[in-house]
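The chain contents come next:
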Amino acid sequence: MAPTLSTAQLSNPAEVTEFVVNKGNGVKGLSETGLRALPDQYIQPFEERLINKFVNETDEAIPVIDMSNPDESKVAEAICNAAEKWGFFQVINHGVPLEVLDNVKAATHRFFNLPVEEKSKFTKENSLSTNVRFGTSFSPRAEKALEWKDYLSLFFVSEAEAEQYWPDVCRNEALEYMNKSKTMVRKLLEYLGKNLNVKELDETKESLFMGSIRVNLNYYPVCPNPDLTVGVGRHSDVSSLTILLQDQIGGLHVRSLSSGNWVHVPPVPGSFVINIGDAMQILSNGRYKSVEHRVLANGNNNRISVPIFVNPKPESVIGPLPEVTANGEEPIYRDIVYSDYVRYFFKKAHDGKKTVDFAKI
């Protein structure tokens, strides 16, 4: 039985928030009421709506890199080059079995198709663990305008903790996706590290680059008036690296560092989209770029994506690596406790690249 909201309720922001955020219906529930017009609190400021009109006006494309190339130095060079010039690239033939990807996409649909009372067990108010959260938009309490997206966020502590607290319908698939992609993640970090004079990914470096991991299941339901809102607003990630699995719908756009244009990241079957996060930009002293990206809302299709955020340990101190500043390069970032940096990010609405300035010297 689809939830319903009267026209009067839909035009009352407090009622919409109650329905979407507090009752746990999410924008998926809102979309399923069959509403014809976008509620006011989802209407983005003029500049965001303007970007929506101009996103597809460029023939630039982010690099697609084949990781199975037998010449490993070529792969490493392509990856480091993309990390410096784009901050984004796609990888194919990455060694993660395709059925693992299909399984986690199916599990994402399964979770979001659960009845509201099942999903609501995982809201901030109800979840038995702070590491598992079902929510909507980005920071509903900080935003002027809400984003057209629901998510389930799973912060990995241990297999036992996941076994106990992660939702049954997607636990095994999310864990398998996380575990089966680790080899590829390590490989990417090794390539990026070597280019910064980091000889090997020892335990210390591993805890700095990939000490904590979060998997998000994202759901972007069909949206009325998609040009007035966004699926995700402009932001860069706070991770070291983000590994994104997207379905065939499309809608992710990346800001080109060379032109400033918004460039679509077309879905490539069996690929991952990889992007550099703020932590890696800071660790590399600005050599690798954490780039702004955003997701359009879609008027015709439901879209899902499943990012893995590869992060430093929360208590890690991040700053330009000694290997990078050893040759006399001036540090442009100060040392900062990673968890403080993240807290700052989540305190405000999505605002492009403003977070990383917080760490500037």
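The rules we used
- Residues numbered from 1 in each chain as written.
- Predicted model: local features only at pLDDT ≥ 70, side-chain atom pairs only at ≥ 80, totals over all residues.
- Heavy atoms only, no water.
- UniProt positions renumbered as here; feature names shortened; annotations may be inferred.
- Buried < 20%, exposed > 50% of the residue type's maximum accessible area, 1.4 Å probe, protein only.
- Helix = DSSP H or I, 4+ residues; strand = E, 2+ residues; numbered from the N terminus.
- Arc of directions from axis to C-beta.
- Contact = heavy atoms within 4.5 Å.
- Axes fitted to C-alpha atoms, helices over the stretch in contact; angles between N-to-C directions.
- Parallel < 35°, antiparallel > 145°, perpendicular 65-115°, else oblique.
- Salt bridge = Lys/Arg side-chain N within 4 Å of Asp/Glu carboxyl O.
- Phe/Tyr/Trp six-rings, centres within 6.5 Å; stacked < 30°, edge-to-face > 60°.
- Left-handed = near helix turned anticlockwise from the far one by under 90°.
- Nonpolar A, V, L, I, M, F, W, Y, C, P; charged D, E, K, R; others polar.
- Polar contact = N/O pair within 3.5 Å; in protein donor to acceptor, adjacent residues only side chain to side chain.
- Pairing = 2+ DSSP bridges.
- 1 Å grid on protein atoms, 1.4 Å probe; cavity = no way out; pocket = protein on both sides within 12 Å on 5 of 7 lines; lining within 4 Å.
- Points joined across faces, edges and corners; volume = space filled by probe spheres on them.

- As recorded by an unreviewed UniProt entry, the chain carries the name Fe2OG dioxygenase domain-containing protein and is attributed to Arabis nemorensis.
- Taken directly from UniProt, the Cofactor (unreviewed entry) text for the chain runs: "L-ascorbate".
- Recorded under Sequence similarities (unreviewed entry), the UniProt text for the chain is reproduced unchanged: "Belongs to the iron/ascorbate-dependent oxidoreductase family."

## Some words on helix α11 (residues 203-210)
Part 1: Turning to α11, its buried residues number three or more, namely Lys205, Leu208, Phe209 and Met210. When α11 is viewed along its axis, its buried side chains cluster within an angular range of 155° and face the same direction. In α11, the exposed positions that point more than 90 degrees away from the buried face belong to Glu203 and Thr204.
Part 2: The elements touched by buried residues of α11 are α10 (182-194), β5 (212-220), α12 (278-283), β12 (303-311), β13 (317-318) and α13 (322-325).

## Examining the packing of helix α5 (residues 72-85) against α10
Any two packed helices are characterised by the angle at which their axes cross and by the distance between the axes.
Part 1: At a minimum axis separation of 9 Å, α5 and α10 run at an interaxial angle of 75°. Between α5 and α10, the angle falls in the class roughly perpendicular. For the pair α5 and α10, contact is made by Glu72, Val75, Ala76, Ile79, Cys80 and Ala83 and by Lys187, Leu188, Tyr191 and Leu192, respectively.

## Description of the pattern of salt bridges
Charged atoms that come close allow side chains of opposite charge to pair.
Part 1: All told, the structure shown has 15 salt bridges when counted by the stated rule.
Part 2: A salt bridge links Asp71 to Lys74, with the shortest nitrogen-to-oxygen separation between them at 3.9 Å.
Part 3: The partner of Arg255 in a salt bridge is Glu292, and the shortest N-O contact between them spans 3.2 Å. Separated by 37 residues along the polypeptide, Arg255 in strand β8 (residues 252-255) and Glu292 in the loop between α12 and β11 (293-295) bring together distant segments of the chain.
Part 4: Several salt bridges share partner residues, and in doing so they unite Glu48, Arg234, Arg255, Glu292 and Arg294 into one network.

## Description of the packing of aromatic side chains
Part 1: This model, assessed by the stated rule, comprises 8 aromatic pairs.
Part 2: Seen from their ring centres, Phe111 and Phe112 are 5.1 Å apart, and the 85° between their planes marks the pair as edge-to-face. There is no split in this pair, since Phe111 and Phe112 are both buried.
Part 3: Ring centres of Phe111 and Phe134 lie 5.8 Å apart, and the angle between their planes is 70°; this geometry places the pair in the edge-to-face category.

## Let's talk about the packing of helix α6 (residues 98-112) against helix α9 (residues 171-180)
Part 1: Put simply, α6 and α9 touch, their axes get as near as 9 Å, and they point 145° apart. Between α6 and α9 lies a crossing whose hand is left-handed. Packed against α6, whose contacting residues are Val100, Leu101, Asn103, Val104, Ala107 and Arg110, the element α9 presents Glu173, Ala174, Glu176, Tyr177 and Lys180 at the interface.
Part 2: Tallied by class, residues from the contact of α6 with α9 come to 6 nonpolar, 1 polar and 4 charged.

## A word on the environment of Val230
Part 1: Position of Val230 among the secondary structure elements: in the loop between β5 and β6 (232-235).
Part 2: Look at Val230 and you get buried, because its relative accessible area is 0%.
Part 3: Placed 84 residues apart in sequence, Val230 and Leu146 show a C-alpha to C-alpha distance of 8.4 Å.
Part 4: Aside from chain neighbours lying at most four places away, what touches Val230 is Gln44, Asn52, Glu147, Trp148, Arg294, Val295 and Ala297.

## With respect to the side chain of Ser31
Part 1: Mapped onto the fold, Ser31 is located in helix α3 (residues 26-32).
Part 2: On the accessibility criterion, Ser31 (17% relative accessible area) is buried.
Part 3: In terms of polar contacts, Ser31 uses its side chain to reach the backbone carbonyl oxygen of Val222, at 2.8 Å.

## Examining the side chain of Ser240
Part 1: Here Ser240 is to be found in the loop between β6 and β7 (241-246).
Part 2: A polar atom in the side chain of Ser240 sits 2.7 Å from the backbone oxygen of Phe209.
Part 3: Those residues in contact with Ser240 that lie beyond four places of it in its chain are Leu208, Phe209, Asn275, Ile276, Gly277, Ala279, Met280, Val310, Asn311 and Pro312.

## Some words on the pairing of β5
Part 1: Burial analysis of β5 places 8 of its 9 residues in the buried class, the great majority of the element.
Part 2: Sheet topology places β5 next to β12; 7 bridges connect them, and they run antiparallel. Of the residues in β12, the one forming a bridge with Tyr219 is Ile304.

## Some words on empty space enclosed by the protein
Part 1: Summed over the entire model, instances satisfying the criterion amount to 1 cavity of 30 Å³ or more.
Part 2: Roughly 40 Å³ of volume is contained in the largest cavity.
Part 3: The wall of the largest cavity is formed by Trp148, Tyr220, Pro221, Val295, Leu296, Ala297, Asn298 and Arg303.
Part 4: Each residue belonging to the lining of the largest cavity can be placed in one class, and the counts come to 6 nonpolar, 1 polar and 1 charged.

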